[in-house]
Amino acid sequence: MSDELFDRGEFVQYFRDEAEELLQQIDADLLKLEDFLDSGHADGEIVNSLFRALHTLKGSAGMLGFTDAQNLAHKLENLCDLLRKDRMPLSETGINILFGGRDFLTELVEAAINGTQAPRDPSEFASHIDSFVAVYEQTSHLIEGTVTERKYEEVVAEEARPSAAADIDAFEAEVQRLLEQAQAQKAATPQPAVQPAQKPVEAAPSTTPAEPAAKAEETAPADAAKAQTAKRASSHQTIRVDIDRLDTLLNLVGELVINRTRISDIAGTLERLLADKTFTSSQALIGPLAKDLADSSALLARTTNEIQESIMKVRMVPIGQVFDRFPRLVRDVAKARGKEVQLQISGADTDLDKTIVDEIGDPLMHLLRNNVDHGIETPEVRESRGKSRHGTISLNAYHEGNQIIIEVADDGNGIDLARVRERGIKQGLISADDRLSDREIIELIFTPGFSTAETVSDVSGRGVGMDVVKKTISRLKGVFDVDSRTGAGTTFTIKLPLTLAIIQALLVRVADELYSIPLDSVIESQRVEMQDVRTVHGNEVITLRGQVVPLVRIADFFELGGKRDPDKVMTVIVGLGGRQVGLVVDSFQGEQEIVIKPLSDVVGRIPGISGATILGNGSISLIIDVHSLVSEAYTDGKVARAEFSGV
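Residues numbered from 1 in each chain as written. Predicted model: local features only at pLDDT ≥ 70, side-chain atom pairs only at ≥ 80, totals over all residues. Heavy atoms only, no water.

## Points about the overall build of the protein chain
Alright, step 1. When helices and strands are counted, the protein chain shows 20 helices and 18 strands.
Alright, step 2. A total of 647 residues make up the protein chain; the buried ones form 40% of that total.
Alright, step 3. In the protein chain, the proportion of contacts linking residues at least 24 apart, taken out of those at least 6 apart, comes to 69%.
Alright, step 4. Accessible surface, the protein chain as shown: approximately 35400 Å² in total, 50% of it carbon and sulfur. (Helix = DSSP H or I, 4+ residues; strand = E, 2+ residues; numbered from the N terminus. Buried < 20%, exposed > 50% of the residue type's maximum accessible area, 1.4 Å probe, protein only. Contact = heavy atoms within 4.5 Å. Areas by Shrake-Rupley, 256 points an atom, 1.4 Å probe, with all protein chains shown as cover.)

Spelled out as structure tokens, the structure:
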């Protein structure tokens, strides 16, 4: 096939997307299978789903020549086939091999897609699977009477030798049980008409015994194909779209929003001209023109809103795409720490912008690892406290207005504030004389390098997890809150905007510069008399409904200069994570929908600025980073000192 007809890069991209979904499906099926370990018998539907996922992955990898991934998927498929045909009981050893194979497949798929060498050689692991499969295959043949007992002993001695001693003991015990069961069946029915491993099939007199089976196999796929076709016809049609194409559409919508605002400004200018007495002679000409322009502006606004909503919906994906990877994570961390943990997920179908979905995975991963490692107690400790041996972690998502709320909660011991304070003093983050509120003590866990673990392990101890959470949530313009109760557990709450592209903003003027403040952070705007402004430890504060609110003068923060009003202070009260700050401005310019444009690499990062936007008149307005200004106001305990001073 010519390069013009076969774009390998495009097919590899399709394979990447498909493999990611299949690997998540394999993980989910294995976690479900693990729940059936006590019964020793696998659920047929789950095994079939697992088998189909491996089979599809094997075929797709083979089509692109990814032989390592193809071969390993085939080995795992053989193991699943034994479960599917009831030739092997469900065991913890088998489940662990499948989990290990899934992880190995992930490495091989990533290496194949990136064109790099796999970090590990799959041949040894593949041999281990072969040894495991061979024992049960020969066992099933022995029970069915297709090999001699001597042959079976040779297979056990030769094929199972590479396996661990514990595995061999398990094999032998299971083989002995199956042999005793088979002998009992043979004693009851010396010459069975149908072998136990096969389903009864009636043979027609004029055909060979193999013929009916062949016809049954031909009919079954045909029926399955019809059922699958009907299912596809009744389901919603979907198509994968490159995120770059959606970003291009979104940029175009942004330009429409800018031009819509510009037309509205022109229409408003014409209306003001019509109201001016000096232009009465031109009213006959300007009047109809202004009306047409206003109508066009209204039509453009309606169309733009519809396009904007459509694009936003296209970009929305279920947050379950992220949630699906966490049951395996919780299982592995719990086993590593000797704990019993159940993960309960709700709200997985809650939609969120694809950009945020891609970013939120790492913070949630660190939170869940923290819940398992530091929150949930060991089974023995939980029993001594009157709790169940199994700890529970809840992962929930839901919409609230124009935000999405994600909650990660556990029923563990809660945050040990005394221990956090002790570690903070030991690491030099605070002094022993500092008087900190419970909230301020909890916030120490988000300090880079902070950890309550005494030793470094593969799970905790380096103090980077919670720091990543804080930085990522801040970058996504989100709010993060922690609620902990001693002995009852901890709840982490994340509030994120549904999209980062187009927002409502409050326009303010400071020293002849126009700034935009995201409206979802604005609580209220006030004019405060200078006599109500107090200075504590060199910082200006006001008291608002019994709460001390620090002031940040935008002109001073950005070194704009300008004169201060000696009589009054125009403030915009913004809130973030339960904290309030008053931003001092010169005047308010109203609300407006703005399109966020990131600052170029040439400009770089500017403290206090998160981006820029183009207004309807073509001017540029910088967007204030509320999070950094609030953090600046609360740095070094400024507000805490004001509270203790009795302001």
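## Thoughts on the packing of aromatic side chains
Alright, step 1. All chains considered together, the criterion is met by six aromatic pairs.
Alright, step 2. When the ring of F446 is compared with that of F480, the centres are 5.1 Å apart and the planes differ by 85°; the resulting orientation is edge-to-face. One end of the pair, F446, is in the loop between α16 (438–442) and α17 (465–475); the other, F480, is in strand β6 (residues 479–485), with 34 residues separating them in the sequence.
Alright, step 3. What makes F446 buried here is its relative accessible area of 6%. (Phe/Tyr/Trp six-rings, centres within 6.5 Å; stacked < 30°, edge-to-face > 60°.)

## Description of the packing of helix α3 (residues 67–84) against helix α4 (residues 92–114)
Alright, step 1. One way to put it is that α3 packs onto α4 with a least axis distance of 9 Å and a crossing angle of 160°. In terms of axis orientation, α3 runs roughly antiparallel to α4. Seen along the crossing, α3 lies across α4 with a hand that is left-handed. Contacts between α3 and α4 involve D68, A69, L72, A73, L76, L79, C80 and L83 from the former and I97, L98, G101, R102, F104, L105, L108 and V109 from the latter. (Axes fitted to C-alpha atoms, helices over the stretch in contact; angles between N-to-C directions. Parallel < 35°, antiparallel > 145°, perpendicular 65-115°, else oblique. Left-handed = near helix turned anticlockwise from the far one by under 90°.)

## Topic: the environment of F446
Alright, step 1. Taking the C-alpha atoms as reference points, F446 and V469, separated by 23 residues in sequence, lie 7.9 Å from one another.
Alright, step 2. Beyond its immediate stretch of four places on either side in the chain, F446 contacts M466, D467, K470, F480 and V482.

## A look at the confidence of the model for the protein chain
Alright, step 1. On average, the protein chain scores 76 in pLDDT, and the residues at 70 or more come to 76%.
Alright, step 2. Counted against residues more than four places away or in other chains, residues 1–5, with its pLDDT under 50, gives one contact. (pLDDT = per-residue confidence, 0-100.)

## A few points about the packing of helix α1 (residues 8–34) against helix α2 (residues 44–63)
Alright, step 1. At a minimum axis distance of 9 Å, the contact between α1 and α2 shows a crossing angle of 155°. Overall, the two elements α1 and α2 adopt an arrangement that is roughly antiparallel. The crossing of α1 and α2 is left-handed. Residue-level inspection shows F11, F15, E18, A19, L22, L23, Q25, I26, D29, L30, K32 and L33 of α1 in contact with α2, the latter providing I46, V47, S49, L50, A53, L54, T56, L57, S60, A61 and M63.

## Some remarks on the pattern of salt bridges
Alright, step 1. Applying the stated criterion to the full structure yields 26 salt bridges.
Alright, step 2. D27 is the partner of R328 in a salt bridge, and the nearest nitrogen-oxygen pair spans 3.0 Å. Of the two residues, R328 is situated in helix α12 (residues 326–336) and D27 in helix α1; the sequence distance between them amounts to 301 residues. In terms of burial, R328 and D27 fall into one category: buried.
Alright, step 3. Here D332 ties to R328 by a salt bridge, and the two come within 2.8 Å at their closest N and O atoms. Residue D332 and its partner R328 are both found in helix α12; the two are separated by four residues, about one turn of the helix.
Alright, step 4. Taken together, the shared-partner salt bridges in this structure form one network comprising D27, E34, R102, D103, R328, R331 and D332. (Salt bridge = Lys/Arg side-chain N within 4 Å of Asp/Glu carboxyl O.)

## Some words on the sheet that holds strand β4 (residues 391–400)
Alright, step 1. As summarised here, the arrangement of the five strands in space is β2-β4-β5-β7-β6, forming an open sheet in which the pairing is mixed. This sheet does not close on itself; its edge strands, each paired only once, are β2 (341–346) and β6. Each strand axis lies, on average, 15° off the axis of its neighbour in the sheet, ignoring direction.
Alright, step 2. With respect to the sheet, α12 is in contact with β2 and β4, its orientation differing from that of β2 by roughly 165°. (Pairing = 2+ DSSP bridges.)

## A short note on unusual backbone geometry
Alright, step 1. With a phi angle near 60°, D86 is a residue other than glycine that sits in the positive phi range.
Alright, step 2. The topology assignment puts D86 in the loop between α3 and α4.
Alright, step 3. Exposure remark for D86: the relative accessible area of 55% places this residue in the exposed category.
Alright, step 4. Although it is not a glycine, D512 adopts a positive phi angle of roughly 65°.
Alright, step 5. Mapped onto the elements, D512 comes out in the loop between β8 (502–510) and β9 (513–518).

## Details of the sheet that holds strand β18 (residues 620–624)
Alright, step 1. The strand order β16-β8-β9-β18-β17 describes an open sheet built from five strands, whose pairing is mixed. Two strands lie at the open edges of the sheet, namely β16 (587–595) and β17 (609–614), each paired on one side alone. Strand-to-strand, the axes of this sheet are offset by a mean angle of 35°, without reference to chain direction.
Alright, step 2. Inspection of the sheet shows β8 paired to β9 by six bridges, in the antiparallel sense. Residue V508 lies in a different strand from β9, and its bridge partner there is Y515.
Alright, step 3. Against the sheet, helix α9 (residues 243–275) engages β8, β16 and β17, with an angle of about 145° to β16.

## What to know about the side chain of E77
Alright, step 1. For E77, the position within the fold is in helix α3.
Alright, step 2. Here H55 takes part through its side chain, which lies 2.5 Å from a polar atom of the side chain of E77.
Alright, step 3. Contact partners of E77, with chain neighbours within four places excluded, come to F51, L54, H55 and K58. (Polar contact = N/O pair within 3.5 Å; in protein donor to acceptor, adjacent residues only side chain to side chain.)

## Describing a nonpolar patch on the surface
Alright, step 1. A cluster of nonpolar side chains, F11, Y14 and M63, forms an exposed patch at the surface whose accessible area comes to about 320 Å².
Alright, step 2. With respect to the secondary-structure elements, F11 resides in helix α1.
Alright, step 3. Note on F11: relative accessible area 33%, which makes it partly exposed. (Patch = residues over 30% accessible without salt bridge, like charges linked within 9 Å, V, L, I, M, F, W, Y side chains within 5 Å.)

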